Amino acid sequence: MTTPASASRPPRAELHVHIEGTLEPELAFELAARNGVALPYPDPASLRAAYEFEDLQSFLDLYSAAMSVLRTEADFADLTRAYLVRAARAGVRHAEISFDPQAHLVRGVPLEDVVNGIAGVLERSEAEHGITTLLIAAFHRDRDSADALDVLERLLAADAPIVGVGLDNAEVGYPPGLFQAVYARAEEAGLRRTAHAGEEGPAQNIRDALDLLHAERIDHGIAVVDDPELVARVVAEQVPFTVCPVSNVRLRAVPALAEHPLPAMIEAGMLVSINSDDPPYFGAYVDDVDDAVTAAFDLTREQRAALAAASFSGSFLPPDRVAAYLAEVESWRVAGA
Ligand code: ADE
Ligand code: ZN
């Protein structure tokens, strides 16, 4: 199930997607009915019409309300399956999917139901959807870090099939340093480490994620362009940045796609990939994001292939798998040369 070299878009990895953020309004209503949960909108169209955001927090408020329909292992399985079906159509060959255990634990959903629902579907993803996957447990930075540590211990004790940890939710006021003990424990347990930083917050959060959390990858990270010394460092170290340009516009971190720092990041020599974040909320899966940035910045086939290659190089896959995927990107690149 490889991508034909003649395809209009390159094969890619999606490294930054929140499984809760892939909940389509239609599925939200189906699950609401199944579980007897009330949504504060009469139908899917009205829910979708509410996807107009002022900033990250206004999105997080609606996002948390909508995910209240996710209650059972089957709900998490249905959500995951729906994402994989759509991601396969987008040309995704590998996905590193994050989930927010705390968002469900606070609603009384057992951790095992969340993990088993998602992981049970991911196990069959390569065979059924042609997509290899890895799972990341992300912690809420606007909750007490002791709670994150407790949840991490529970995931480790349950031998949950996670490759690594992440950090998400409200950024401003919650600097990475608060989560040093959580990340130290994750590192000790052999887990990989990524963190949202420099989405709405300052470049210093990116530096702190690297230095204090030993993050191996940065999610968003667009504030890096405010700090030339940091840009030089992340170029030298080839730190992967999972950039979500459409999300940044929809959450008003940048005023318009034309003003997004993506071209400056590419030009500087950073290892950047493009990703969807929360596709239905922002009206764009990763193929739509590719189309949008290609049009906005007049990207060449070479540049699109470089973004796709960076998505694999920045993954947590073993080197032999990365090399095989890079060969697919190269076939796509030369097919149009
Ligand atoms: N959770 C889901 N999407 C997010 C984003 N863009 N930033 C922080 N936390 C998130
Ligand atoms: Zn995100």
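Residues numbered from 1 in each chain as written. Chains lettered and ligands numbered in written order. Predicted model: local features only at pLDDT ≥ 70, side-chain atom pairs only at ≥ 80, totals over all residues. Heavy atoms only, no water.

**Concerning the site of ligand 1**
Alright, step 1. By nearness alone, every residue bordering ligand 1 is listed as His18, Leu56, Phe59, Tyr63, Asp168, Asn169, His196, Glu199, His220, Asp277 and Asp278.
Alright, step 2. Protein contacts shield 100% of the accessible area of ligand 1, which totals 260 Å² for the unbound molecule.
Alright, step 3. It is helix H3 (residues 56-66) that provides the largest number of residues to the shell around ligand 1, a total of three residues.
Alright, step 4. Per-class residue counts for the shell around ligand 1 are three nonpolar, four polar and four charged. (Near = heavy atom within 4 Å. Areas by Shrake-Rupley, 256 points an atom, 1.4 Å probe, with all protein chains shown as cover. Helix = DSSP H or I, 4+ residues; strand = E, 2+ residues; numbered from the N terminus. Nonpolar A, V, L, I, M, F, W, Y, C, P; charged D, E, K, R; others polar.)

**A short note on the coordination of the zinc ion (ligand 2)**
Alright, step 1. Bound to the zinc ion (ligand 2) on the protein side are His16 (NE2), His18 (NE2), His196 (NE2) and Asp277 (OD), at distances that span 2.0 to 2.2 Å.
Alright, step 2. Classification of the site at the zinc ion (ligand 2) as irregular follows from its four donor atoms and the range of 82 to 172° in their angles at the metal.
Alright, step 3. Between consecutive donor residues of the zinc ion (ligand 2), the sequence gaps follow H-x1-H-x177-H-x80-D. With His16 in strand E1 (residues 12-18) and Asp277 in the loop between strand E8 (271-274) and helix H14 (279-282), this pair connects stretches of sequence that are 261 residues apart.
Alright, step 4. By relative accessible area, which is 2% here, Asp277 ends up buried. (Donors = N, O, S within 2.8 Å, 3.2 Å for Na, K, Ca; no water. Tetrahedral: all angles 85-135°; square planar, octahedral: opposite > 155°, others 65-115°. Buried < 20%, exposed > 50% of the residue type's maximum accessible area, 1.4 Å probe, protein only.)

**Quick word on the nonpolar core**
Alright, step 1. Counting 95 residues, the largest nonpolar core has Phe99, Leu155 and Phe241 as its most contacted members.
Alright, step 2. Discounting chain neighbours no more than four positions away, the residues touching Phe99 are Ile19, Glu20, Val114, Val115, Ile118, Leu135, Ile136, Ala137, Ala138, Leu155 and Ile162.
Alright, step 3. By size, the runner-up hydrophobic cluster in this structure holds 10 residues, among which are Ala13, Leu15, Phe312 and Leu317. (Core = buried A, V, L, I, M, F, W, Y, C linked by side-chain atoms within 4.5 Å. Contact = heavy atoms within 4.5 Å.)

**Topic: the packing of aromatic side chains**
Alright, step 1. Tallied over the entire structure, the rule returns nine aromatic pairs.
Alright, step 2. Linked through ring pairs, Tyr51, Phe53, Phe59, Tyr63, Tyr281 and Phe282 together constitute an aromatic cluster.
Alright, step 3. When the ring centre of Phe316 is taken as reference, the NZ or CZ atom of Arg217 above it lies at 4.0 Å.
Alright, step 4. A cation sits over an aromatic face here: Arg301 above Trp332, 3.8 Å from the ring centre. (Phe/Tyr/Trp six-rings, centres within 6.5 Å; stacked < 30°, edge-to-face > 60°. Lys NZ or Arg CZ within 6 Å of the ring centre and 35° of its normal.)

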